[in-house]
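Breakdown of the fold
What follows is the residue order along each chain.
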2 protein chains.
Amino acid sequence: MVFSKSFGYALRGLLYVAMINETSPRVQLDEISKKLAVPRYFLGKVMKKLVKGGVLKSKKGPYGGFYIHEKTLSTTLLQLTAITGDTIMYGSCVLRFRKCNAENPCPLHRQVEFLKNEWQNVLASTNIGDLLKKNHPDFLKSIAVI
Amino acid sequence: MVFSKSFGYALRGLLYVAMINETSPRVQLDEISKKLAVPRYFLGKVMKKLVKGGVLKSKKGPYGGFYIHEKTLSTTLLQLTAITGDTIMYGSCVLRFRKCNAENPCPLHRQVEFLKNEWQNVLASTNIGDLLKKNHPDFLKSIAVI
DNA sequence: CGGATAAAAGACAGGTTTGTCTTTTTATAA
DNA sequence: TTATAAAAAGACAAACCTGTCTTTTATCCG
């Protein structure tokens, strides 16, 4: 009933890169993993997914690292769940029934219907840029502390 | 972002036993697993947890099986999550931060606060008896079809 | 008591997620 | 061109979740 670790790493990684990019053109994985206190190589794979998912850029070699592009700040939480492979409630059943809908409801269908919709709204309407703004100026603290 | 399989099996198992108990004093694991189309031995372990968790009764040997007791129908979904070990949102952080609260918020804290509360309300206020009533008369269909 | 029945318990295996380490690939500057 | 830096990729393992099978324990009936 919570997000995967990958999702958390992806979100925090994206936010960190976006924050650093306000003053510096690149950030390296090494710095990100240290500042976020996150396992380095695992984070590397998550960041790679973000790049392949088209919401972040990277460059190899000297002066390389990760950096945002025009789409990064408008990336929604919903897009992130798709990239990290998180199963979210909307569009699927909280009890994992394959066919669960109004005609064929699982035992919890009615009870959770509106919650699923509200989650969907939050995930679809919240993007990286929003979070960056809202969390200033204690931003680094909010993504680093676990 | 969905319940564990164990939770789904536990809920459906409880509901099935409660339904059968309206006309018969015992139900065997074999019948339950077949009617719910669920792996038998795995379900057995989940049912055992329900018994140990004090929300269901069982008896070994001939004429044995599972049966409800006075607490069964008032068991809430929240209690079930505790028994199956599901991590729910309320009381924990959706990003899995260990310390996440109003003073020390994760980057999503504000955005999901009210959703966590609403989930908590639904889980705490929905019990087995409610679900049994609400799903009649298509009850068996609702817990068996996957 | 002895046989049968059904849950409980134990052993084990597959899959997924998470985490670590090593090697390869790509880009840069001198 | 060569050394270097950094991401990408690959190999591997630990932990957890799920699933299967076998053995043990408790209970009932004759």
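Further up the page is the structure itself.
Computed from a prediction, not measured in an experiment: that's the story for all the values here.

**Considering the overall build of chain A**
For chain A, the helix and strand inventory stands at seven helices and two strands. For chain A, the sequential pattern of α-helices and β-strands runs α-α-α-β-β-α-α-α-α. Each principal axis of the C-alpha distribution contributes one length, and for chain A these read about 60 × 30 × 30 Å. Burial statistics for chain A: of 146 residues in total, 53% are counted as buried. The contacts of chain A with a sequence gap of at least 6 include a subset with a gap of at least 24, amounting to 63%. Counting only carbon and sulfur atoms, one obtains 54% of the accessible surface of chain A, whose full area is about 7200 Å². Averaging the coordinates of the 22 positive side-chain charges in chain A and doing the same for the 10 negative ones gives two points 10 Å apart.

**Observations concerning the relation of the copies chain A and chain B**
Placing chain A over chain B gives an RMSD of 0.1 Å and needs a rotation angle of 180°, together with 0.0 Å of translation along the axis. Such a combination of rotation and displacement between the chain copies is what one expects of a two-fold axis. By C-alpha distance to the rotation axis, the residue of chain A lying nearest is Met1 of chain A, at 2.1 Å. Here 100% of the interface residues in chain A have copies in chain B that are interface residues too; the copies meet face to matching face.

**Some details on the interface of chain A and chain B**
On the side of chain B, 44 residues touch chain A, which itself brings 44 residues to the contact. Roughly 4100 Å² of surface becomes buried between chain A and chain B when both sides are summed, with 67% attributable to carbon and sulfur atoms. Inspection of the region where chain A meets chain B yields zero salt bridges. Taken together, chain A and chain B are joined by eight residue pairs in polar contact (both at pLDDT 80 or more). Secondary-structure elements contributing two or more residues to the side of chain A that touches chain B are α1 (5–20), α5 (109–125), α6 (128–135) and α7 (139–144) of chain A.

**With respect to the protein's contact with DNA strand D**
Near DNA strand D, the surroundings consist of 27 residues, among which Leu29, Lys45 and Ser58 of chain A together with Tyr9 and Pro62 of chain B are the closest. Between DNA strand D and the protein, one listed contact pairs a base nitrogen with a side-chain N or O atom of Lys45 of chain A at 2.7 Å. The side chain of Lys45 of chain B places a nitrogen or oxygen atom 3.1 Å from a base oxygen of DNA strand D. Counting only elements with at least two residues in the surface near DNA strand D, the list comes to α3 (40–52), β1 (57–59) and β2 (65–67) of chain A together with α1 (5–20) and α3 (40–52) of chain B. Classifying every residue of the surface near DNA strand D gives 10 nonpolar, seven polar and 10 charged.

**Observations concerning the protein's contact with DNA strand C**
Around DNA strand C there are 27 residues in total, and Tyr9 of chain A together with Leu29, Lys45, Ser58 and Gly61 of chain B lie nearest to it. Of what DNA strand C places within 4 Å of the protein, 64% of the atoms are sugar or phosphate. Here a phosphate oxygen of DNA strand C sits 3.1 Å away from a polar atom, N or O, in the side chain of Ser6 of chain A. One of the side-chain nitrogen or oxygen atoms of Ser58 of chain B is found 2.7 Å away from a phosphate oxygen of DNA strand C.

**Some remarks on the packing of α1 of chain B against helix α2 (residues 29–36) of chain B**
Residues and elements named next belong to chain B. Two numbers describe how α1 lies on α2: the axes approach to 10 Å, and their chain directions differ by 115°. Taken together, the axes of α1 and α2 are roughly perpendicular relative to one another. Here α1 and α2 pass one another in a crossing that is right-handed. Between α1 and α2, the residues in contact are Arg12, Gly13, Tyr16, Val17 and Ile20 and Glu31, Ile32, Lys35 and Leu36, respectively. Each residue belonging to the contact of α1 with α2 can be placed in one class, and the counts come to five nonpolar, one polar and three charged.

Parameters and conventions
- Residues numbered from 1 in each chain as written.
- Chains lettered and ligands numbered in written order.
- Predicted model: local features only at pLDDT ≥ 70, side-chain atom pairs only at ≥ 80, totals over all residues.
- Heavy atoms only, no water.
- Helix = DSSP H or I, 4+ residues; strand = E, 2+ residues; numbered from the N terminus.
- Buried < 20%, exposed > 50% of the residue type's maximum accessible area, 1.4 Å probe, protein only.
- Contact = heavy atoms within 4.5 Å.
- Areas by Shrake-Rupley, 256 points an atom, 1.4 Å probe, with all protein chains shown as cover.
- Lys, Arg positive; Asp, Glu negative; His and termini not counted.
- Charge placed at Lys NZ, Arg CZ, Asp CG, Glu CD.
- Least-squares fit on C-alpha atoms with pLDDT ≥ 70 in both.
- Buried area = accessible area lost by both parts, 1.4 Å probe.
- Salt bridge = Lys/Arg side-chain N within 4 Å of Asp/Glu carboxyl O.
- Polar contact = N/O pair within 3.5 Å; in protein donor to acceptor, adjacent residues only side chain to side chain.
- Near = heavy atom within 4 Å.
- Nonpolar A, V, L, I, M, F, W, Y, C, P; charged D, E, K, R; others polar.
- Axes fitted to C-alpha atoms, helices over the stretch in contact; angles between N-to-C directions.
- Parallel < 35°, antiparallel > 145°, perpendicular 65-115°, else oblique.
- Left-handed = near helix turned anticlockwise from the far one by under 90°.

Function cannot be inferred from these measures alone, as they are strictly geometric.
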